[in-house]
Amino acid sequence: MKRDGVEIRWHGRGGQGAKTACLLLADVAFNSGKYVQGFPEYGPERMGAPITAYNRIMDRPCNVHSNIYFPDYVAVVDETLLKTVDVTSGIKEGGALVVNTSKSPDEIRKMLPEDYKESVYCIDAQKVSMETIGKNFPNTPMLAAVVKVSRVIDEQQFIHDMRESFEHKFATKPQVIEGNMKALQVAMKEIVAG
Amino acid sequence: MAIRDRLSGNEAIATAMRQINPDVMGAFPITPSTEIPQYFSGYIANGKVDTVFVPVESEHGAMSTCIGASAAGARAVTATSSAGLAFMWELLYVAASMRLPITMAVVNRALTGPININCDHSDSMGARDSGWLQIYAETNQEAYDNFIQGVLISEECRLPIMICQDGFITSHGVSNIELIEDEKVKEFVGEYEPENYLLNAENPLAVGPYGISPYYMEVKRKQAQAMKDSMPVIMDVAKKFYDMTGRKYGFFEEYKMDDAEVAIVVIGSSAGTGKEAVDRLRAEGQKVGLIKLRVFRPFPRIPLAEAMCKVKAVAVMDRAESFSNSGGPLFNECRSSLYDLDNKPYCINYIYGLGGRDIQVEDFYEIYKDLFVIYENDDPGDVYRYMGVRDSRFL
C-alpha cells in the first residue's frame, strides 16, 4: 500500500461493536472529505466469536479490496483476544496498538510478542462507557481513542461530526446522546501511551 | 448535482430499488444479501415506496412471486445469494423462457459444500446457462449503477437480469458513492409498459404452457436470439446512463491496455486490487494491463477477444471452479473466443478466491510475473492453475 492513507485493523468479538466502530470511523472520515473503506471480515456468524474489521482512509479513491495485513494502527476492543489472536501482526513501523483494558501499557506489552517494538496505547473503554453511558458499550470510547492516536481526523471536527452522527443514530432515544458525547471526550483524555 | 454519500453495496442496491420504486418485490433473506430486502422493507414501512412486498417462505417462492407478478404486467425485483439462488434454479429457467424482465440483485457467495458465507462466484456462474443476463460490479458504485441500468436492459430485451456484486467485500463494505437524484432515476427507468401481460383483459393470453417438441426448440432459439440482440441494448442503455451521470460503462473495462504486453482478465471487486498492482508495476516500468469483465451474459466474445489480442499472454481469473479438469467458466469462454484469431495471446487460467479466500496486490504481482515468463519462454506450461491455495501439496 502506498503511504498516502491510513490503514486500520479492528479486533473484537461478535456483538461488541467493533464493526460498528469501524463503520463510524469511516463515516466521520467521509464527513471530513476523505475517501473511505470500512468493512468487516466474518467467520462463522455467532455472538462472541472473534471478528476483524478494517478501515482504509485515503485522499484518493481506494481500489484495493483485500484485507489489511500491514496496518498503521490496530484497535483491540476485547483484551481477551490478546491470548488467541496475533493482534500486532504486520503493524507498520511508526504504527501503534490501541487496547481496551484496565491494564497499563507496560503490562499489555508483556502479553505481546517480544519483537513488537511499536507504541502501545491503553484505554479502559469499559470503565469510560460505564461512567458516561451507564452501560458497557466500549466501541464509542474506542473510536475516540483510535481517532486520537491515528490523527486521521481533526479532533474538534471529530467531536462536532459525532454529535451530528449520534443525533441521527439516536433520533428515537435522544437521552443517550450526551452520555455518548461524554464518552468520546473522556476517552480522549484518559488514553495512556506507552 | 450528484449526491455524495457513503454506503455499503447492499445499501446502494436498496437505494436504487427505492428510487426505481418497483411494483412487486418477492424476497426471502439469505446472507449476505439479507440487508437488501431488510432496508427495502423499511422504505415500504416508511411510505418511501409503494411496492407490494411479498415475504415468502423460500427463494423458490421469491422467484415464483416475481414470475407471477412480471407475467401479470408488474415490474418485479428480488435479491438473493448462494443457496438461495440455487433454490431458485428451476424457476430461473422458467423466468427466462417466459421472457420476463425481472431484475435480481445477486450478492455472490460460495455454494455450500462445505458451508461458507463468503464471496466467490460459484452461485451465479452455476446459473450462467439459465438464460439470464448477467452484469458484475467491482464497487458499490457499479452495483448501484448496474442495477438502475439493469431494469431498462431487462425490459428492453424481455430477458431477466442478474446484477451481481461480491458478497461482504462490496455488499458489506462501506465506501464513497455518488448517488443520482430520485427524480432523475425515476425518469431514467420510466414506467414499465409491457406489450402483453396477463392482467390485460383486452388481450387474454396463456403464459408458460407445455412446450411440445414441435415448438420447444423455437422457444429456445428465440431466447438465444434475444441474448444476441441484447448486445446493442446494453450499449444503448450505457450511453443513456453516461449522458445522465458522466459514468461510462461497456461490456468490459480496459485498464492500461494500450501498450500492455501481458494482461489479466478478471470479474468483480478483485479487479480493483488488480488495478493497484498494475499501477505499481507500471511505476516500475512494466507494461501490464487488466481487463475487467462487466457483462458475462451475453458473453462479449468478439470485442473481448480483440482486446485480449493486444497482449502476448493473458491470465483469466475464475472465482469459481467448474470441476471440468480444464479450467473455470470464464477461462473456457475467453480461450474459446480467441480460437479463430491470428496473433492470439497465450491464455492461462487461475482459479482464485474460493469461499472468500483473500487476494492481494502481491498475488497479482505473481500472476504478472508468470505471464512474463510465459511470454519470454514462448511456452504456456500448464494452463489450468490455482492462486492462493495455502498448502502447496494441493497444487
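Sequence order sets the numbering: in each chain, residues are counted from 1 along the sequence as written. All chains are assigned letters beginning at A, and all ligands numbers beginning at 1, according to the order in which they are written. Local features in this predicted model are restricted to residues of pLDDT 70 or higher, and side-chain atom pairs are both shown and tallied only at a pLDDT of 80 or more, whereas totals for entire chains, interfaces and linings draw on every residue. As a rule here, side-chain values cover all heavy atoms of the structure and leave hydrogens and water aside.

A. Spatial organisation of the overall build of chain A. Looking only at helices and strands, chain A features six helices and seven strands. Strands here are runs of E lasting at least two residues and helices are runs of H or I lasting at least four, both read from the DSSP assignment and numbered beginning at the N terminus. When the helices and strands of chain A are placed in sequence order, the string is β-α-β-β-β-β-α-β-α-α-α-α-β. Note on method: radius of gyration uses C-alpha positions; expected globular size equals 2.2 Å times residues raised to 0.38. A compact globule built from 194 residues would reach a C-alpha radius of gyration of about 16 Å, and chain A, at 16 Å, matches this within 12%. Taken over the C-alpha atoms alone, chain A extends approximately 45 × 40 × 35 Å along its principal axes. Sequence separation of 24 or more characterises 62% of the internal contacts of chain A that already satisfy a separation of 6 or more. A total of about 8800 Å² of accessible surface is found on chain A, and carbon and sulfur atoms cover 50% of it. Side-chain charges of chain A comprise 24 positive and 25 negative groups, with the mean position of each set lying 2 Å from the other. Whether two residues are in contact is decided by their heavy atoms: any pair within 4.5 Å suffices. Note on areas: these come from Shrake-Rupley sampling with a 1.4 Å probe, and a residue is covered only by the protein chains present in the view. Here Asp and Glu are counted as negative and Lys and Arg as positive; His is not counted, and neither are the chain ends. Every charge is mapped to an atom, namely NZ of Lys, CZ of Arg, CG of Asp or CD of Glu.

B. Main features of a nonpolar patch on the surface. Excluding any residue in a salt bridge, patches collect residues exceeding 30% relative accessible area, merging like charges within 9 Å and nonpolar Val, Leu, Ile, Met, Phe, Trp and Tyr side chains within 5 Å. Here, a salt bridge means any side-chain nitrogen of Lys or Arg that lies within 4 Å of a carboxyl oxygen of Asp or Glu. On the surface, Leu198, Leu205 and Val207 of chain B cluster together into a nonpolar patch covering about 210 Å² of accessible area. Position of valine 207 of chain B among the secondary structure elements: in the loop between α8 (182–189) and α9 (213–245).

C. Inspection of the environment of isoleucine 20 of chain B at higher detail. All names here are of chain B. Residue placement: isoleucine 20 occurs in helix α1 (residues 9–20). Burial classes: relative accessible area under 20% of the type maximum marks a residue as buried, over 50% as exposed, and values in between as partly exposed (1.4 Å probe, protein chains only). According to the relative accessible area criterion, isoleucine 20 is buried, its value standing at 5%. Spatially, the C-alpha atom of isoleucine 20 lies 5.9 Å from that of lysine 186, the residues being 166 residues apart in sequence. Apart from the residues within four sequence positions on either side, isoleucine 20 is in contact with Arg75, Phe147, Ile148, Val151, Val185 and Val189.

D. Structural view of the environment of aspartate 78 of chain A. All names here are of chain A. Its place among the elements puts aspartate 78 in the loop between β4 (73–76) and β5 (96–100). Among the residues examined, aspartate 78 registers a relative accessible area of 11% and is labelled buried. C-alpha separation for the pair aspartate 78 and arginine 13, spaced 65 residues apart in sequence, amounts to 6.9 Å. Among residues more than four places away in sequence, those in contact with aspartate 78 are His11, Arg13 and Gln16. Counting of polar contacts relies on pairs of N or O atoms within 3.5 Å, with two restrictions inside protein: one atom must be capable of donating a hydrogen and the other of accepting it, and residues adjacent in sequence are counted only when both atoms are side-chain atoms. Only 2.5 Å separates the side chain of aspartate 78 from the side chain of threonine 80, close enough to count as a polar contact.

E. Up close: the state of the cysteines. The disulfide criterion is simple: two cysteine sulfur atoms within 2.5 Å. If you walk through the whole model with that rule in mind, you get zero disulfides over all chains. Distance from the sulfur of cysteine 22 of chain A, which forms no disulfide, to the nearest cysteine sulfur (cysteine 62 of chain A) is 13 Å. Considering cysteine sulfurs only, cysteine 119 of chain B is the nearest to cysteine 164 of chain B, which forms no disulfide, with 10 Å between them. Residue cysteine 164 of chain B is classed as buried on the basis of its relative accessible area of 1%.

F. Representation of the sheet that holds strand β4 (residues 76–80) of chain B. Residues and elements named next belong to chain B. Overall, mixed pairing links the seven strands, which are arranged β3-β2-β4-β5-β7-β6-β12 in an open sheet. Among the strands making up the open sheet, the edge pair consists of β3 (52–55) and β12 (295–297). When the angles between neighbouring strand axes are averaged without regard to direction, this sheet yields 20 degrees. Alignment of strand β2 (residues 24–27) against β4, held across two bridges, turns out to be parallel. By the bridge assignment for β4, valine 24 is matched with alanine 76. Strand pairing requires that DSSP identify at least two bridges connecting the strands. To obtain an axis, a line is fitted to C-alpha atoms, over the contacting stretch when the element is a helix, and the angle between two such axes runs from 0 to 180 degrees between their N-to-C directions.

G. Molecular detail of the interface of chain A and chain B. Across the boundary between the two partners, chain A contributes 25 residues, which contact 27 residues of chain B. Summed over both partners, buried area is the accessible surface (1.4 Å probe) that two parts give up on being assembled. A buried area of about 2100 Å², summed over both sides, lies between chain A and chain B, and 49% of it is on carbon and sulfur atoms. Sorting the residues of chain A by area buried against chain B places Phe30, Asn63 and His65 of chain A first, and these three jointly supply 31% of that buried surface. Connecting chain A to chain B are two salt bridges. Among the salt bridges present, the one from aspartate 27 of chain A reaches arginine 6 of chain B, with a minimum N-O distance of 2.6 Å. Across the chain A-chain B interface, the total number found is nine residue pairs in polar contact (both at pLDDT 80 or more). Counting residues per element, the ones that place at least two in the side of chain A that touches chain B are α1 (18–31) and β2 (35–41) of chain A.

H. Highlighting the pairing of strand β1 (residues 5–13) of chain A. Residue and element names in this part refer to chain A. Taking burial as the measure, the nine residues of β1 include seven buried ones, the bulk of the element. Direction of pairing for β1 relative to strand β3 (residues 50–58): antiparallel, over a ladder of nine bridges. For glycine 5, the partnering residue across the bridge sits in β3 and is methionine 58. Inspection of the sheet shows β1 paired to β4 by four bridges, in the parallel sense. Across the sheet, tryptophan 10 pairs through a bridge with alanine 75, a residue of β4.

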